[in-house]
Amino acid sequence: MPELTRAECEKKHYDEMCRRGCFTMQDVAYIVGEQSGAAYVVNDYQRKGYIDRIHRNLYVAMDMETKQPALSRYQIGSRLFPDAYISLYSAFEAWGYAPQTCGEVYVATESRFTDFRYNGVFYRHVKRRNADREEVGGALVTSLEQTVVDSIHNFDKVAGLENIAECIKRLPPLDMDKLLECLRRYGKGFLYQKCGYVLERLQAYVKLPEAFYRECREHCPSTVRYMGKGAEGLVYCKEWGIYAPCLKDWL
């Protein structure tokens, strides 16, 4: 069998990189068949615009027509580390239920990394937990129910409650049992309290059975809690024993 020409080898290697989407220097060594030539190939392909460096030892294949990464921001985020997945507001975006796209992608992983910018997008680290995940558009993303619970839990750190409510209003019917399972894994009474309050205010959209709210109330703490860092702008909801933002203005 005749040996491939340099141009044919180059195309073969580039095609394999496109198939993988994201890859490391070790992957390149496997693709080209030798460790010693991997660094040269990476530098050469970067110079020619075939690939681009995302972060540390991670590269992405470039689309030769658009001159943009061949993978979406969510695909890139979920490939930053072997255990990575897309979470919080970014998960709403990946599912297609966010009213607008922000310039950040929240990546859940056990691996520690400093937040960084690539191709105009900030990739931000969040704590990884035992979460329900699904593949969406080639990216590993939290399930809709998990995304709802995670986002309400972290609303004051990510996106804000108004933006989260806008996403929830656009969702298809949620599975009550999956929501409750997500809450059970957290095991936090205050989170039952917050989710019960928020989702009940959005009941016209989520249409959850009363059994869901009954279960949430059974796990609510007996003390009055504040849903936010301060009492300013909060209203007291006696039914849930919570001071919280007034959601009626967003409905």
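Residues numbered from 1 in each chain as written. Predicted model: local features only at pLDDT ≥ 70, side-chain atom pairs only at ≥ 80, totals over all residues. Heavy atoms only, no water.

Asker: I keep staring at the pattern of salt bridges and nothing clicks. Help me out?
Answerer: Here the idea is simple: oppositely charged side chains can pair when their charged atoms come close. With the rule as written, the count across this model stands at 19 salt bridges. Note that Asp 132 is salt-bridged to Arg 185, the shortest N-O span being 3.2 Å. Highlighted residues: Asp 132 in the loop between strand 7 (121-126) and strand 8 (133-136) and Arg 185 in helix 8 (residues 176-186), separated in sequence by 53 residues. Using a relative accessible area of 27% as the deciding quantity, one classes Asp 132 as partly exposed. According to the relative accessible area criterion, Arg 185 is partly exposed, its value standing at 29%. (Salt bridge = Lys/Arg side-chain N within 4 Å of Asp/Glu carboxyl O. Helix = DSSP H or I, 4+ residues; strand = E, 2+ residues; numbered from the N terminus. Buried < 20%, exposed > 50% of the residue type's maximum accessible area, 1.4 Å probe, protein only.)

Asker: Just to check I follow, could you spell out the confidence of the model for the protein for this structure?
Answerer: In low-pLDDT segments, the atomic positions of the prediction should not be examined closely. The predicted model of the protein averages 91 in pLDDT, with 95% of residues at 70 or higher. Per-element confidence in the protein ranges from a low mean pLDDT of 84 for strand 11 (residues 234-237) to a high of 98 for strand 4 (residues 85-86). (pLDDT = per-residue confidence, 0-100.)

Asker: What is the right way to look at the sheet that holds strand 11 in this model?
Answerer: Pairing between the strands of a sheet comes from backbone hydrogen bonds, and it takes one of two forms, parallel or antiparallel. Spatially, the three strands line up as an open sheet ordered 10-12-11, and their pairing is mixed. The open sheet is flanked by strand 10 (225-226) and strand 11, the only strands paired with a single partner. Direction of pairing for strand 11 relative to strand 12 (residues 242-245): antiparallel, over a ladder of four bridges. Bridge pairing links Val 235 to Ala 244 in strand 12. (Pairing = 2+ DSSP bridges.)

Asker: I keep staring at the pairing of strand 5 (residues 104-108) and nothing clicks. Help me out?
Answerer: Of all the five residues making up strand 5, four are buried; the element is thus mostly covered by neighbouring parts of the structure. As paired elements, strand 5 and strand 7 share five bridges and run parallel to each other. Bridging across to strand 7, Tyr 106 finds its partner in Arg 124.

Asker: Please explain the sheet that holds strand 3 (residues 59-61) as it appears in this structure.
Answerer: As summarised here, the arrangement of the three strands in space is 1-3-2, forming an open sheet in which the pairing is antiparallel. In this open sheet, the two strands that pair with only one neighbour each are strand 1 (22-23) and strand 2 (51-53). Here helix 3 (residues 38-48) sits on the sheet in contact with strand 2 and strand 3, set at roughly 105° to strand 2. (Contact = heavy atoms within 4.5 Å. Axes fitted to C-alpha atoms, helices over the stretch in contact; angles between N-to-C directions.)

Asker: Honestly, the environment of Trp 95 in this entry has me stumped. Any pointers?
Answerer: Here Trp 95 is to be found in helix 5 (residues 88-95). Look at Trp 95 and you get partly exposed, because its relative accessible area is 23%. A C-alpha to C-alpha distance of 9.8 Å links Trp 95 and Glu 135, two positions 40 residues apart in sequence. In contact with Trp 95, other than residues within four places in its own chain, are Glu 134, Val 136, Val 141, Thr 142, Ser 143 and Leu 144. A polar contact of 2.8 Å, which involves the side chain of Trp 95, links it to the backbone oxygen of Thr 142. (Polar contact = N/O pair within 3.5 Å; in protein donor to acceptor, adjacent residues only side chain to side chain.)

Asker: Help me out: how do you make sense of unusual backbone geometry in this one?
Answerer: Positioned with a positive phi, Leu 88 is a non-glycine residue whose angle comes to about 55°. Leu 88 sits in the buried class, given a relative accessible area of 4%. Here Asn 119, not a glycine, exhibits a phi torsion of approximately 55°, which is positive.

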